[in-house]
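# Structural features, examined
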Amino acid sequence: MKKMCETKEKLLQVGFDLIWDSSYGSVSVDDICKRAGINKGSFYHFFPSKADLVVEAYQEYWKEKKPAMDCIFSPQVPPLERIQGMCRYIYTVQKEKAEKYGHVCGCPYASVGSEVATVDEKIRAKSEHLMSSSAKYIESAVADAIREGSVTVKDPLAAAQTLGSLICGMLVEARVQNDLKILEGLEATIMNFLGAKTVAA
């Protein structure tokens, strides 16, 4: 039983990493099995298709990422510091991936979601759901910042939606240009949009 769990976990991790590194279309089931050192029969024992693996791998990645998000967006942290922490977390993750793969990887949800949105509803829906989950953290922080008077925006939901699009766009641009420097401006761009009056160093 333990070996089966380890096999599934390895397939999920390898599949997620390979697809995030390149693209959904360019990675085959054979590629995933070869990298994982697992036979194809074992793959199909756990996953009916590559799409099913991606959906589950996305969920697993979110579960791994969520404790960090909960810490960054703790209600005990001042709201603008939460947003600042998110920007720094995004940059750190992208820097680590760039060092590992040799290029900027961008957002895994947006990259694969946009690639297959019109042809695979399961992946599209999972991408949308997880991107919305991230946006809820931002919305809560913006709402608290509005209440304390540290920003000039008035609608936390609208602001969170705009910031989600802004972050996504900058991650896409960083991936396309293969340039992490683009993300160095993320924090300042977001604070400017919010009309932040003060921000921690």
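Scope of this entry: the structure provided in the associated data block. (Residues numbered from 1 in each chain as written. Predicted model: local features only at pLDDT ≥ 70, side-chain atom pairs only at ≥ 80, totals over all residues. Heavy atoms only, no water.)

### Quick notes on helix α8 (residues 156-177)
With 22 residues, α8 extends 31 Å from end C-alpha to end C-alpha; this agrees with the ideal 32 Å at 1.5 Å per step. Among the residues making up α8, those that are buried are A159, A160, L163, L166, I167, C168, M170, L171 and A174. Where α8 starts, the residue carrying a side-chain oxygen 3.0 Å from the main-chain nitrogen of L157 turns out to be D155. Looking one or two residues past α8, N178 carries a phi angle of roughly 50 degrees, positive in sign. (Helix = DSSP H or I, 4+ residues; strand = E, 2+ residues; numbered from the N terminus. Expected span 1.5 Å × (residues − 1). Buried < 20%, exposed > 50% of the residue type's maximum accessible area, 1.4 Å probe, protein only. Polar contact = N/O pair within 3.5 Å; in protein donor to acceptor, adjacent residues only side chain to side chain.)

### Observations concerning the packing of aromatic side chains
Scanning the model with the defined rule gives 11 aromatic pairs in all. Aromatic side chains F43 and Y44 sit 5.1 Å apart centroid to centroid with 75 degrees between the ring planes, which places their arrangement in the edge-to-face category. Ring centres 6.2 Å apart and planes at 55 degrees place the aromatic pair W62 and Y137 in the tilted group. One end of the pair, W62, is in helix α4 (residues 50-72); the other, Y137, is in helix α7 (residues 121-148), with 75 residues separating them in the sequence. Residue W62 is classed as buried on the basis of its relative accessible area of 7%. Classification of Y137 as buried rests on a relative accessible area of 15%. (Phe/Tyr/Trp six-rings, centres within 6.5 Å; stacked < 30°, edge-to-face > 60°.)

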